[in-house]
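What follows is the residue order along each chain.
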Amino acid sequence: MSSYLISSRKQAMPKDILDLNRKHWGVEIMHRDKDMTLGEDRYTNRSDHAPANIFSLTSAALTLLKRISNSPTQAIEFVQDHRDRAITLLTSDINDGFL
């Protein structure tokens, strides 16, 4: 199977194109996690600073979840019934891979 790419870059090197592609999908995955796991797109408060505040809070929550597991869903499942685990992980000074 062949893939083709049209670019406005002059003399684009394959490595540069691959790096751009990986960065793009990294951002897409972050948005997917924030929307699918945290329901960010369903928030309805659009007044004043609420959207920026929600963005900051969901970003912080996603960062904390990713410290527990690469899968935010698995991280939520890990701590949802054992809040003491979440508190221990958040207050720990040592990042030992979280169990």
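How each quantity is defined
- Residues numbered from 1 in each chain as written.
- Predicted model: local features only at pLDDT ≥ 70, side-chain atom pairs only at ≥ 80, totals over all residues.
- Heavy atoms only, no water.
- Core = buried A, V, L, I, M, F, W, Y, C linked by side-chain atoms within 4.5 Å.
- Buried < 20%, exposed > 50% of the residue type's maximum accessible area, 1.4 Å probe, protein only.
- Helix = DSSP H or I, 4+ residues; strand = E, 2+ residues; numbered from the N terminus.
- Salt bridge = Lys/Arg side-chain N within 4 Å of Asp/Glu carboxyl O.
- Axes fitted to C-alpha atoms, helices over the stretch in contact; angles between N-to-C directions.
- Parallel < 35°, antiparallel > 145°, perpendicular 65-115°, else oblique.
- Contact = heavy atoms within 4.5 Å.
- Nonpolar A, V, L, I, M, F, W, Y, C, P; charged D, E, K, R; others polar.
- Polar contact = N/O pair within 3.5 Å; in protein donor to acceptor, adjacent residues only side chain to side chain.
- pLDDT = per-residue confidence, 0-100.

Caption draft 1: The nonpolar core, seen in detail. Counting residues in each nonpolar core, the largest one holds eight residues, listed as L38, L62, L65, I68, A75, V79, A86 and L89. Elements with a contribution of two residues or more to this core: α2 (50–68), α3 (72–80) and α4 (83–91). Counting residues per element, this core draws most heavily on α2, which supplies three residues.

Caption draft 2: Spatial organisation of the pattern of salt bridges. In the structure shown here, the tally under the stated rule is four salt bridges. Ionic pairing is found between D19 and K15, a salt bridge with its closest N-O pair at 3.0 Å. With D19 and K15 both in helix α1 (residues 14–37) and four residues apart, the pair spans about one turn of that helix. Taking the relative accessible area as the measure of exposure, D19 reaches 27% and is therefore partly exposed.

Caption draft 3: Representation of unusual backbone geometry. Of note in this structure, Q11 is not a glycine but carries a positive phi near 50°. The exposure class assigned to Q11 is exposed, which follows from its relative accessible area of 76%.

Caption draft 4: Layout of the packing of α2 against α3. In the contact formed by α2 and α3, the axes pass within 8 Å of each other and the chain directions differ by 80°. Here α3 runs roughly perpendicular to α2, going by the angle between their axes. Listed contacts from α3 to L62, L65, K66 and I68 of α2 are P72, A75, I76, F78 and V79. Of the residues in the contact of α2 with α3, the class split is eight nonpolar, no polar and one charged.

Caption draft 5: Main features of the side chain of K34. Following the sequence through the fold, K34 ends up in helix α1. Judged by relative accessible area, K34 falls into the buried class, the value being 0%. Within the local environment of K34, its side chain forms a polar contact with the side chain of T58, the two groups lying 3.5 Å apart. Side-chain polar atoms of K34 contact the side chain of S59, separated by 3.0 Å. Beyond its immediate chain neighbours, meaning those up to four positions away, K34 contacts G39, E40, F55, T58, S59 and L62.

Caption draft 6: Expanded view of the confidence of the model for the protein. When pLDDT is averaged across the protein, the result is 82; 93% of the residues are at 70 or more. Within the protein, the lowest mean pLDDT, 81, falls on α4, and the highest, 88, falls on α3.

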